[in-house]
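Coordinates in review
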Amino acid sequence: MQYQDLVKVYEALESTASRLEMTQILASLFRSTDCSHIKKIVYMTQGGIVPDFFPEKLGLADKLYLRTLVAATGGNEASIRDLWAREGDPGTVTQKVFENKKQTTLFSQPLTLDRVYDALLKIARAEGSGSQELKMRLLADILHDAKPNEAKYIARIVTGRMRLGVASQTVIDSLAQAFATKADKPEVERAFNITSDLGLVGETLCKKGLEGLREMRVRVGNPIRAMLAERLPSPEEILERMGGRAMFEYKYDGLRVQAHISKDAVRLYSRRLEDLTNQFPDVAKALREAFEGESAIFEGECVPVDIDTGEMLPFQEVSHRRGRKHELTEAIEGYPVRVQLFDCLYLDGEDLTLRPLPDRRSALTRSVSITDRVRFSEARVLDDPAKVQGFFQEALQAGCEGVMAKSLNDDSVYRAGSRGYLWIKYKKEYRSEMNDTVDLVAVGAFHGRGKRGGVYGALLMATYNSEEDRFETVCKLGSGFDDATLAALPEKLDPYRLPKAHGTVESKMEADVWFTPTVVLEVLGAEISISPIHTCGHGKIREASGLAIRFPRFTGAFRDDKKPRDATTTQELVDMYKKQLKRIEG
Ligand code: ATP
């Protein structure tokens, strides 16, 4: 196929804003094209050369492109720069430069699609020393034989600015029209959703028709487009929608990952199908160790954790791991994560996306053995709104943002790439953000594990209720201590040690060690939330619930200047909760 034929189609696409027309233009191109070219056309029309989740990326730096253009056309650099500043689009600039160029190329060969594609692929793959020169040479080679309108699109694609406005949905419509009927669009869509590769879908449809498409299965290495949830505001509505009963899971506040495990490799993809493997080699390794089969595709949420207490940390911690190429080792150690698996889409040769959730969950739990770094999402089958509310509170307390309700019915398949009511999210309605520190009293402690063996893993902290003259628990404090402080804590608190809770302490939790309320620490939390397990302000905001400080962190300041009864009072915390309370949409 001549590249010029494709360029003519691009020009036609650019001259219309109508999606319908675009669809027809593309459909007729697909119909008239040899099947071996469909893939390349699909990728290139969308501005790429491979599916999005592949590592090869175009996007040559403007400077480098400009240098190549000057060298390839013998044009004047200053005036090309000028033109670029005015036009702002390398495509238009290139076309104009080419139109003004004196015909110097005697032995010009018409460009074929394959030649342009191969050059672009090599440009994307070139890396390391000498790669800039190689890229320039490859680009100059095709520009040498390009007509002005061809050069325009080469310029655009190579600099990552194709922008023809052809969305995936338009390509899907065109493929259905070209090789089947409009009514078959859902099948084309499904194939795309499970492979995330429209080029492959187009090629399969062209070569094998609808039958071939129906035979397409999820495959390890092709990320599956994520299933998403609808939302409802109450447990009653959720249960009604689910037919009275559903599986409820913690909704973790982390980073969604889809893990593809084969004999040779583990690859991790984000919700946007980016390859995350290099940022989370520890997760890949942990999954490899925890998985007991041959090959699988799992989904889960990566959450930052405090390695010593096992508690989850605020989501922002995980962001330290993103986009890092250097200092990765430090990032891995400094920001440890755990993956909470919640779905299994493929196991040992079997596509499970069309199987109901109970089957998928059981495939997950039977093929993975949990470790410190790999766990299953906390899940419970419930049919009673009050129990759902309780589970929801428990999830918030654990540092989650709410719960996910998931249908258990026969039709509870994995709907790749779509948002629907098979999954319903129920997030915290109210949240009260803290922007001030509080001074809390240590009333108990929990023994540390792992690296914190021999020292305290967390302290049980309380506010002072001045009306009742008692201390009410409000959080477990395990973050913000440096090693020296941590090591010194037992000694500091030892003089106040008690065999059981002090008479003034109200606690529903069983600490490992109790103290006479004495030592006051300054603490900063992320927010105040309703809690079924802490006693601070019990019953004041909600019946049978207290308040908790979420994600508490020691500021480093022991308030030795304060007596325990000078600590932040329960009433202050209730006021803070009310004052900062704001309704959060969705
Ligand atoms: P949100 O911003 O609420 O996370 P979203 O648009 O990213 O919304 P939704 O489908 O609405 O995605 O909510 C599901 C998201 O919640 C998933 O993308 C995933 O990242 C996260 N999540 C956390 N825990 C679970 C779980 N147990 N099951 C499914 N998804 C979970």
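Residues numbered from 1 in each chain as written. Predicted model: local features only at pLDDT ≥ 70, side-chain atom pairs only at ≥ 80, totals over all residues. Heavy atoms only, no water.

Considerations on the overall build of the protein
What counts, and what does not: Helix and strand definitions follow DSSP, with helices as H or I runs of at least four residues and strands as E runs of at least two, each counted in order from the N terminus. Throughout, a residue-residue contact means that at least one pair of heavy atoms, one from each residue, lies within 4.5 Å. Per-residue accessibility takes into account occlusion by the displayed protein chains alone, with areas from the Shrake-Rupley method and a 1.4 Å probe. The positive count covers Lys and Arg only, the negative count covers Asp and Glu only, and His and the chain ends enter neither. We put the charge of a Lys on NZ, of an Arg on CZ, of an Asp on CG and of a Glu on CD.
Counting its regular elements, the protein contains 20 helices and 23 strands. Looking at the protein alone, contacts between residues at least 24 apart form 73% of all its contacts between residues at least 6 apart. Counting every atom, the protein has about 26,600 Å² of accessible surface; 47% of that belongs to carbon and sulfur. Distance between charge centres in the protein, computed from 84 positive and 87 negative side chains, equals 4 Å.

Points about the sheet that holds strand S9 (residues 379-382)
Two orientations exist for strands paired in a sheet by backbone hydrogen bonds: parallel and antiparallel. Where we set the bar: For two strands to pair, DSSP has to find at least two bridges joining them. As a rule, the C-alpha atoms of each element are fitted with a line to give its axis, helices using only the stretch in contact, and angles between N-to-C directions run from 0 to 180 degrees.
The strand order S1-S11-S10-S2-S9 describes an open sheet built from 5 strands, whose pairing is mixed. Two strands close off the open sheet at either side, each with one partner strand: strand S1 (228-231) and S9. Looking at each pair of strands side by side, their axes are set apart by 40 degrees on average, direction ignored. For S1 and strand S11 (residues 419-427), the ladder comprises 4 bridges, and the chain directions are parallel.

Section: unusual backbone geometry
Of note in the backbone geometry, Arg 163 takes a positive phi value of approximately 45 degrees without being a glycine. Along the chain, Arg 163 turns up in the loop between helix H9 (148-158) and helix H10 (168-179). Although it is not a glycine, Asp 348 sits at a positive phi angle of roughly 45 degrees.

Focus on the state of the cysteines
What makes a disulfide is a covalent bond joining the sulfur atoms belonging to two cysteines. To keep things clear, this is the line we draw: Pairs of cysteine sulfur atoms within 2.5 Å are identified as disulfides in what follows. Any residue under 20% of the maximum accessible area for its type is buried, any over 50% is exposed, and the rest in between are partly exposed; the area is computed with a 1.4 Å probe on protein chains only.
Applying the stated criterion across every chain, the model contains 1 disulfide. Here Cys 35 engages in a disulfide with Cys 206; their sulfurs sit 2.0 Å apart. Here the S-S torsion is close to -80 degrees, and the disulfide linking Cys 35 with Cys 206 is therefore left-handed. With Cys 35 in helix H3 (residues 35-45) and Cys 206 in helix H12 (residues 198-214), this pair connects stretches of sequence that are 171 residues apart. Between Cys 302, a cysteine without a disulfide, and Cys 400, which holds the nearest cysteine sulfur, the sulfur-to-sulfur distance is 14 Å. Taking the relative accessible area as the measure of exposure, Cys 302 reaches 0% and is therefore buried. Cysteine Cys 536 remains unbridged, with the sulfur of Cys 475 as its closest cysteine sulfur at 9.5 Å. Taking the relative accessible area as the measure of exposure, Cys 536 reaches 0% and is therefore buried.

Focus: the domain arrangement of the protein
Quick note on the threshold: Per the annotation, domain bounds derive from an automatic or database assignment of domains.
When cut into domains, the protein gives domain 1 (3-158), domain 2 (228-431) and domain 3 (438-585). Once you take the C-alpha centre of each, domain 1 and domain 2 turn out to be 41 Å apart.

Details of the nonpolar core
What counts, and what does not: By convention a nonpolar core is built from buried Ala, Val, Leu, Ile, Met, Phe, Trp, Tyr and Cys residues, the set being connected through side-chain atoms within 4.5 Å.
Core analysis: the biggest nonpolar cluster contains 73 residues, and Tyr 3 and Met 44 have the highest contact counts within it. Other than its neighbours up to four places away in sequence, Tyr 3 contacts Tyr 10, Met 44, Leu 111, Thr 112, Leu 113, Val 116, Glu 150, Tyr 153 and Ile 154. Counting residues in each nonpolar core, the second largest holds 31 residues, with Leu 440, Val 455, Val 513 and Val 574 among its members.

Description of the site of the ligand
Stated formally: For each residue, the test is whether any non-hydrogen atom lies within 4 Å of the molecule or strand; if one does, the residue is near. Within 3.5 Å is the distance limit for a polar contact, defined as a pair of N or O atoms, with the added protein rule that one can donate a hydrogen and the other accept it, and that residues adjacent in sequence qualify only through two side-chain atoms. When residues are grouped by polarity, Ala, Val, Leu, Ile, Met, Phe, Trp, Tyr, Cys and Pro land in nonpolar, Asp, Glu, Lys and Arg in charged, and all others, Gly among them, in polar.
Around the ligand there are 18 residues in total, and Ala 229, Arg 271, Glu 301, Lys 406 and Lys 425 lie nearest to it. Between a nitrogen atom of the ligand and a main-chain N or O atom of Tyr 252, the distance comes to 3.0 Å. Residue Arg 271 places a side-chain N or O atom 2.3 Å away from an oxygen atom belonging to the ligand. Residue assignment for the shell around the ligand shows that the elements contributing at least two residues are S1, strand S2 (246-251), strand S10 (402-406) and S11. Here the residues of the shell around the ligand are counted per class, giving 7 nonpolar, 1 polar and 10 charged.

Some points on the environment of His 534
You can see His 534 is positioned in the loop between strand S20 (527-531) and strand S21 (546-550). Residue His 534 is classed as buried on the basis of its relative accessible area, which comes to 1%. Contacts of His 534, omitting those with residues within four sequence positions, involve Gln 397, Leu 460, Thr 473, Val 474, Cys 475, Lys 476, Met 509, Gly 546, Leu 547 and Ala 548. Within polar-contact distance, the side chain of His 534 engages the side chain of Thr 473 at 2.9 Å.

So, the packing of aromatic side chains
Note the cut-off: Pairing of aromatic rings covers Phe, Tyr and Trp, the last through its six-membered ring, and needs centres within 6.5 Å; plane angles under 30 degrees mean stacked, over 60 mean edge-to-face, and all others mean tilted. Whether a charge sits over a ring depends on NZ of Lys or CZ of Arg being within 6 Å of the ring centre and within 35 degrees of the ring normal.
Scanning the model with the defined rule gives 14 aromatic pairs in all. Ring geometry for Tyr 65 versus Trp 84: centroids 6.2 Å apart, planes at 65 degrees, classification edge-to-face. Within this pair, whereas Tyr 65 is found in helix H4 (residues 62-73), its partner Trp 84 is found in helix H5 (residues 77-87), the two being separated by 19 residues in sequence. Per residue, the accessibility class of Tyr 65 equals that of Trp 84, and both read buried. Following the ring pairs from residue to residue traces out a cluster consisting of Phe 53, Phe 54 and Tyr 269. In this structure, Lys 406 packs its charged tip against the face of Trp 423, placed 4.2 Å from the ring centre.

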